[in-house]
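What follows is the residue order along each chain.
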2 protein chains.
Amino acid sequence: MKRILNLLAIILMTTSVMMAQDKKSFTLEDLMPGGNNYFNLQPKNIQGLRWWGDLCLQGEIDELQTINPANGKKNTLITLKEVNDALATKNLGKIHHFYSVSMPYAEKWLLLNTRNHRILLDVDKKEVIWNQPIPTKAANQDWNKESRALAYTIGNNLYVTTADGKETQVTNEADGILCGQSVHRDEFGIHKGTFWSPKGNMLAFYRMDQSMVTDYPQVNTSTRIATLEPDKYPMAGMTSHKVTIGVFNPSTQQTIYLKAGDPTDRYFTNVSWSPDGQSIYVIELNRDQNHAQLMRYNATTGEQEAMLYEEKHPKYVEPQNPIIFLPWDETKFIYQSQRDGYNHLYLFDLANGLMHPIETEGPNILHIPQQQITKGEWIVKSVVGFNEKAKEVIIMSTEISPLQSNAFAVNLKTGKTRLIGAAEGTHRVQLSESGRYIIDNYTAHNVARRIGIIPTSGKGKTISLLDAEHPMKAYNMPEITLGTIKAADGKTDLYYRLVKPVDFDANKKYPAIIYVYGGPHAQNITDTYNYGVRGWDLYMAQKGYVMLTVDNRGSSNRGLEFENVTHRQLGVEEMKDQMKGVELLKSLNYVDANRIGVHGWSFGGFMTTNLMLTYNDTFKVGVAGGPVIDWKMYEVMYGERYMDTPQDNPEGYKNSDLTQRAGDLKGKLQIIIGANDPVCVPQHSIAFLRACIDAGTHPDYFIYPGDGHNMAGRDRIHLHERITQYFEDYLK
Amino acid sequence: MKRILNLLAIILMTTSVMMAQDKKSFTLEDLMPGGNNYFNLQPKNIQGLRWWGDLCLQGEIDELQTINPANGKKNTLITLKEVNDALATKNLGKIHHFYSVSMPYAEKWLLLNTRNHRILLDVDKKEVIWNQPIPTKAANQDWNKESRALAYTIGNNLYVTTADGKETQVTNEADGILCGQSVHRDEFGIHKGTFWSPKGNMLAFYRMDQSMVTDYPQVNTSTRIATLEPDKYPMAGMTSHKVTIGVFNPSTQQTIYLKAGDPTDRYFTNVSWSPDGQSIYVIELNRDQNHAQLMRYNATTGEQEAMLYEEKHPKYVEPQNPIIFLPWDETKFIYQSQRDGYNHLYLFDLANGLMHPIETEGPNILHIPQQQITKGEWIVKSVVGFNEKAKEVIIMSTEISPLQSNAFAVNLKTGKTRLIGAAEGTHRVQLSESGRYIIDNYTAHNVARRIGIIPTSGKGKTISLLDAEHPMKAYNMPEITLGTIKAADGKTDLYYRLVKPVDFDANKKYPAIIYVYGGPHAQNITDTYNYGVRGWDLYMAQKGYVMLTVDNRGSSNRGLEFENVTHRQLGVEEMKDQMKGVELLKSLNYVDANRIGVHGWSFGGFMTTNLMLTYNDTFKVGVAGGPVIDWKMYEVMYGERYMDTPQDNPEGYKNSDLTQRAGDLKGKLQIIIGANDPVCVPQHSIAFLRACIDAGTHPDYFIYPGDGHNMAGRDRIHLHERITQYFEDYLK
């Protein structure tokens, strides 16, 4: 009996061991976007959820369902067959699923696109009620639901097709001038180049003259003989492009330009319309980026009406959000500013403004009462919309934690905020038309994904649509922990994410790799699933590496001062903070302090290279992807915000020019770039190689021909095989 | 006593060991051109030796000496001070040594160049008798000693300055048209673009229109922002340039062009003048390069006079030498041809030619009696000149061995050859004006360098000027041996050079590296000092590698059939022969057959990459420099000779296109290129990387920014550090 029990124990032990062994190991195909099993290891999601007025819709392949936000009841609104039968009667092609159907008219028509047509379909009658051909080669399409007019670009020029089918070529410019496209290299929150007036009867658009900008000679090597593909690239301190704003009136066919004066060395950002469609607001910035002005122009004459607000800062101001008028009061708008150190909402009251004409040169000034709405050591991440009835603005903010993004209803009078949905995690929400409901989609470090419909009032029940299971539960997971360390300033808390090796043994000594980005506008550690751990971190943890990431000062979502400490000296404070991460690693007795590596891309490539040169006794191996090497070679808009111009800040540029210190390379450093990188042009890396050769040091190098600033698809798998092998060859 | 003897024995042993230890080890600074000790490890030489009529001159820094070729007696001809004093009187600048002074007029004047002047100096009177300003920016200078006229180019155009100082711009062409420069990418023995008539009163010149040729977009990354430096590069099968030949008459200031017909897809090579200056000879070749014609044109009218000789071959003909008239008989010239399988001399007799007018299209044919002068399974490497009195032509040939180059006097009547100088080694000679003496400079595998003056008659004594000591005698040398193996055809002997590791131990197992070139026009193994061993071979032998080089079929100096076996299938036979070298290595019990590497540059880079892919179980590590990857991307002249066009030989191009087999890469392969390589353009390597990425294989890559097809100076040191490290990392 005892023997049998012993045997049983052995069997049980074996089973238990087998269960651990049964856990799967990751491959890069599991963990990398582009991998053939990547999709299965992502938390489940629901595609095609959206609002149709206050009715929630769920687009599936075969049918479009409605979900009652009060009780969650589902009904089929229309089927794929019904839609395609209706389309067939007018020979308008087909749709293949409901994921990308949109419903801009509350409880009225569906808007859908087939290959060649934009179509409105009456859901009740199941009839096409209107359609518009989509011009071949039309890019940057911007359709207005009020007028049903379409703005688009072909080549470098702007076109408009009105609801009646009339096509107009709005601009007729030479090659070097772009119209209707995003300008200023997508900085300042800019991501498009056309702006319909509220009624869709007037179109403001960007015109960017870059004929005076030098070409960067990109080369396409995939043609029979390599061909030049020049790309206008204004480098820091060099001549930049000139942007103006046109206004096209489809009914008169006239175009006027805003009379903003000489556009040289100025930025025209955050274009928006007044609710009445009479005026256009622009936030204008000088090239130094330390002086922003909110300007108003007459949309019909282009005349400058007034300067409504201005903001200066000794380092920089960075307007990224257009003003938003209250839906119920056309005299009040919300302006977002970091002027108290954190991005917050300010309510401006136009009705009580006082115009001060200025006799000297410059715009008239309209002094407007301002009221700070939100306040605190946290930031408003975005304005989602309004609950008109409750007179609330719905925002996303970091009020609970800088790692999170939660929806809040803000009382515009009191500024009081009320959390909507779970207090944990990082949320993405869609607000229903009335503002009564959100579709809430979130993950948290221990929540794979939850989706639900939540009343913004805080009253009424949540309709749960998904509680996704942990997609990696079949895999042998490493331990992932979050913590804080003090920054190099001795006072600021920095977040870190530490991943221990799979099958961790506290008595072993492991090599460690720091994954770093470190630049502005990014945050690596968030309260998302597994704290946002990267797939490659898991892969390396499985191979026996300790993986650490620290969000240093200079990174985002921590307020202005946290970010702008790096001004005119990019890299310096950031590296000091990363060395605090190294101290943490060295304090862990399972980390082999002689085997510390570093990897990063873009700004993280700059950091990696810089760390390899500056702390060359600490870091043995580095892989720097698409690195900035010399900020002189980076573009004007982003580069000069943080570094000013090379003329103004020669010391800062020299100190951060890594070619100057190429001789300090001691460890193994591999530079990897997309051979056609238009963001951080190949000249950076090539100049660094030249400097290393001249200095007698030996970096390694690889390129991805045809790729840009990042690798996607299968190239991303190949890239991470390559990065992994480098650490395996030299750090393990 | 016994004890003391034992002690002595120990001391003696220690001493003996210490003596071996005392031998120095090589560094790359010792072995590489560009290294700071390279010069000291080269065999001593004598700079500035040349003929002045039949008097030998030795230019030193401070003085110019004469050496009597009969007895070796030296006299000072003139001192640096005397020359510079004479120049000072006319304000003509200075010379700093006599190394580059030339003496074109037998026992008459010196010709010398200062920074801005070309000067004739009377040695006896120590007076400047004539001078000519050297135009600023003048390139491709071609001065004629008879007329003292200078031809030169500025930009893409041709200029002439006559002895009287009159400057003429001969051509005035647009950018895409080059005049007075070498054409056809220096193939067919072409290395210049101007050809003075014997009296220097007429100038033939090349004009190359390459406006129809595609640009390869080379990029200069050393400017503030990278700049395009387009380079006309006709790729195999694509549109090529058009060459014509002009004749400028300085006295009439007129230019005519030879009436050669449509120049499309034709090569105009080996331009020369008739001794009377009335006619111009050109060897013309079709684009297929399988049909050469020797044509004569009237130099005044440009009319085609006759076709004197033609040669066809099913694979290719490759004329590389202009015809040479006998100095004593203007009716006879020497033509060099490989028509019997080896390059030999043929004497053509114009006096007994018969003109056959042709009624159909095409040139008149002049049938000329021809007599083969030299014959045998060896090749004439060059014609050095003539001994007019003895009616002999002096040549360099491989008559003794394909590894050697020796001077011979050839009796023009009998074809009998008489060796001049030592029977061993590889000689470079200068022939005195009368042809009675040579300055002979040679090395052999065990001869560092010997220089002497030797009578071409074979009678009279040799004046020894230098017997250089072995420059590496202080170093611990590896054993270097020469041998032959059978080629893959089972019959042809191939030469190999084997270098054993320094401090060789027959009981050890060493890794081995094959250094390969393997293409036409080159030979790696010669009877030169240490059999022409490369500095890097010595370095690697010192690090414990066995180094092997095999000159496979397809390489030079072994005759036409040996070379053209590779036609339309470059790489195939060459690799089979290299695998015979691998068999040799595997037969050596001190070679570790699991650690065989390969390295080569250019054609050798093609071979290296090809071997790594084709024999991927044999080669573990390869370093391919500036490799051809796909012959479609190589230039027309060289590429189509061996491969025909991609249109004519699609199978051959496909089979040798290494991108097609990128997935076969198993070992470690590093590709290294000059980032601005104008010979084997970067597209080759970049296309290969793309193919490897797509196939999921992992080559390594490095570039030398700003460098061309080869690295020079300090970059060459850096390069070899890099190549070495790669083998040390992965093969050792």
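Every chain is numbered independently, its residues counted from 1 as its sequence is written. To label them, take the chains in the order written and letter them from A, then take the ligands in the order written and number them from 1. Only residues with pLDDT of 70 or above have their local features reported here, since the model is predicted, and side-chain atom pairs are shown and tallied only from 80 upward, although totals for entire chains, interfaces and linings are computed over all residues. No hydrogens and no water enter the side-chain calculation; it runs on all heavy atoms of the structure.

J.: Provide a residue-level description of the packing of aromatic side chains, including the pertinent values.
T.: The relative placement of two aromatic rings is captured by the distance of their centres and the angle of their planes. Residues and elements named next belong to chain A. In this analysis, rings of Phe, Tyr and Trp, with Trp reduced to its six-membered ring, are considered paired at centre separations within 6.5 Å, and the interplanar angle assigns stacked below 30 degrees, edge-to-face beyond 60, and tilted for intermediate values. Under the defined criterion, the tally for this structure stands at 61 aromatic pairs over all chains. Taken together through their ring pairs, the aromatic side chains of Tyr-316, Tyr-517, Phe-603, Phe-606, Trp-631, Tyr-634, Tyr-638 and Tyr-642 make up a single cluster. Ring-over charges, as used throughout, are those where CZ of Arg or NZ of Lys falls within 6 Å of the ring centre and within 35 degrees of the ring normal. Lying across the ring of Trp-109, Lys-108 places its NZ or CZ 4.4 Å from the centre. The lysine or arginine in question, Lys-391, covers the ring of Trp-328, its NZ or CZ lying 5.1 Å from the ring centre.

J.: Got a sec to walk through the environment of Ile-686 of chain B? Specific residues and values, please.
T.: You can see Ile-686 of chain B is positioned in helix 10 (residues 683-695). In this scheme, a residue with accessible area under 20% of its type's maximum is buried, one over 50% is exposed, and one in between is partly exposed, where area comes from a 1.4 Å probe on protein chains only. Using a relative accessible area of 12% as the deciding quantity, one classes Ile-686 of chain B as buried. Residues Ile-686 of chain B and Met-208 of chain B, 478 residues apart in the sequence, show an inter-C-alpha distance of 30 Å. Working rule for contacts: check all heavy atoms of both residues, and any pair within 4.5 Å makes them a contact. For Ile-686 of chain B, the contacting residues outside a window of four places in its chain are Thr-221, Ile-703 and Pro-705 of chain A together with Tyr-701 of chain B. Put simply, DSSP marks the helices as runs of H or I at least four residues long and the strands as runs of E at least two long, and each gets a number from the N terminus on.

J.: So what about helix 11 (residues 714-730) of chain B? Which residues, and what values?
T.: Take the residue count of a helix, subtract one, and multiply by 1.5 Å to get its expected span. In this model, helix 11 of chain B (17 residues) spans 25 Å end to end at C-alpha, consistent with the 24 Å of a helix rising 1.5 Å per residue. Among the residues making up helix 11 of chain B, those that are buried are Asp-715, Arg-716, Ile-717, His-718, Leu-719, His-720, Arg-722, Ile-723, Thr-724, Tyr-726 and Phe-727 of chain B.

J.: Outline the sheet that holds strand 2 (residues 55-59) of chain B, listing residues and values.
T.: Residues and elements named next belong to chain B. Strand order across the open sheet formed by 4 strands is 1-2-3-4, with antiparallel pairing between neighbours. With one partner strand each, in any of the chains shown, strand 1 (49-52) and strand 4 (74-79) form the two edges of the open sheet. Each adjacent strand pair in this sheet contributes to an overall mean axis angle of 35°, direction not counted. Two strands pair under a simple rule: DSSP has to find at least two bridges between them. Alignment of strand 3 (residues 63-67) against strand 4, held across 5 bridges, turns out to be antiparallel. Of the residues in strand 4, the one forming a bridge with Glu-63 is Thr-79. Only C-alpha atoms enter the line fits that serve as axes; for helices the fit covers just the stretch in contact. Angles between N-to-C directions range over 0 to 180 degrees.

J.: I'd like a rundown of helix 3 (residues 80-89) of chain A, residues and numbers included.
T.: Residue and element names in this part refer to chain A. Among all positions of helix 3, only Leu-80, Val-83, Asn-84, Ala-86 and Leu-87 are buried. All buried residues of helix 3 project into a common sector of 155° when viewed along the axis, lining one side. The outward face of helix 3, more than 90 degrees from its buried face, is lined by the exposed residues Lys-81 and Thr-89. In this structure, the buried residues of helix 3 make contact with strand 3 (63-67), strand 4 (74-79), strand 5 (109-113), strand 6 (117-122) and strand 7 (127-133). Where helix 3 terminates, the next one or two residues include Asn-91, which has phi positive at roughly 60°. Throughout, the arc means that of the directions going from the helix axis to the C-beta atoms.

J.: Mind laying out the pattern of salt bridges, listing which residues take part and the relevant values?
T.: Two side chains carrying opposite charge are able to pair once their charged atoms lie near each other. For this document, the term salt bridge refers to a Lys or Arg side-chain nitrogen within 4 Å of an Asp or Glu carboxyl oxygen. For the coordinates displayed, the defined rule picks out 71 salt bridges over all chains. Arg-722 of chain B serves as the salt-bridge partner of Asp-700 of chain A, at 2.6 Å between the closest nitrogen and oxygen. With Asp-700 of chain A in strand 44 (residues 700-704) and Arg-722 of chain B in helix 11, this pair bridges two chains. Judged by its relative accessible area of 12%, Asp-700 of chain A falls in the buried class. What makes Arg-722 of chain B buried here is its relative accessible area of 6%.

J.: I'd like a description of the packing of helix 6 (residues 572-587) of chain B against helix 7 (residues 603-614) of chain B, backed by residues and values.
T.: Angle between the axes and distance between the axes are the two parameters that describe a pair of packed helices. All names here are of chain B. Interhelical geometry of helix 6 versus helix 7 gives an angle of 70° and a closest axis separation of 10 Å. Taken together, the axes of helix 6 and helix 7 lie roughly perpendicular to each other. Here Glu-574, Met-575, Gln-578 and Met-579 of helix 6 lie close against helix 7, whose contacting residues are Phe-603, Met-607, Asn-610, Leu-611 and Thr-614. Split into classes, the residues belonging to the contact of helix 6 with helix 7 amount to 5 nonpolar, 3 polar and 1 charged. Roughly parallel means an angle under 35 degrees; roughly antiparallel means over 145; roughly perpendicular covers 65 to 115; every other angle is labelled oblique. Only Asp, Glu, Lys and Arg are considered charged in this grouping, and only Ala, Val, Leu, Ile, Met, Phe, Trp, Tyr, Cys and Pro are considered nonpolar; every other residue, Gly among them, is considered polar.

J.: Would you mind going over the interface of chain B and chain A in detail, with residue names and values included?
T.: With 44 residues of chain B at the contact, the number on the chain A side is 44 residues. A quick way to say it: buried area is the sum, across both parts, of accessible area lost when two parts are put together, with a 1.4 Å probe. Counting each side, the surface lost to burial between chain B and chain A is near 3,600 Å², with a carbon and sulfur contribution of 60%. Together, Arg-224, Ile-225 and Ile-693 of chain B form the three largest contributors to the area buried by chain B at its contact with chain A, with a combined 20%. The tally of links from chain B across to chain A stands at 6 salt bridges. Of the charged contacts in the structure, one is a salt bridge between Arg-690 of chain A and Asp-707 of chain B, with a shortest N-O distance of 3.8 Å. By the criterion applied in these results, polar contacts are pairs of N or O atoms within 3.5 Å in which, for protein atoms, one can donate a hydrogen and the other can accept it, and in which residues neighboring in sequence qualify only through two side-chain atoms. Counting across the interface, chain B meets chain A through 27 residue pairs in polar contact (both at pLDDT 80 or more). Put simply, the parts of the chain that give the side of chain B that touches chain A at least two residues each are strand 15 (215-220), strand 16 (227-232), helix 10, strand 44 (700-704) and helix 11 of chain B. Here the side of chain B that touches chain A takes 7 residues from helix 10 of chain B, the largest share from any one element.

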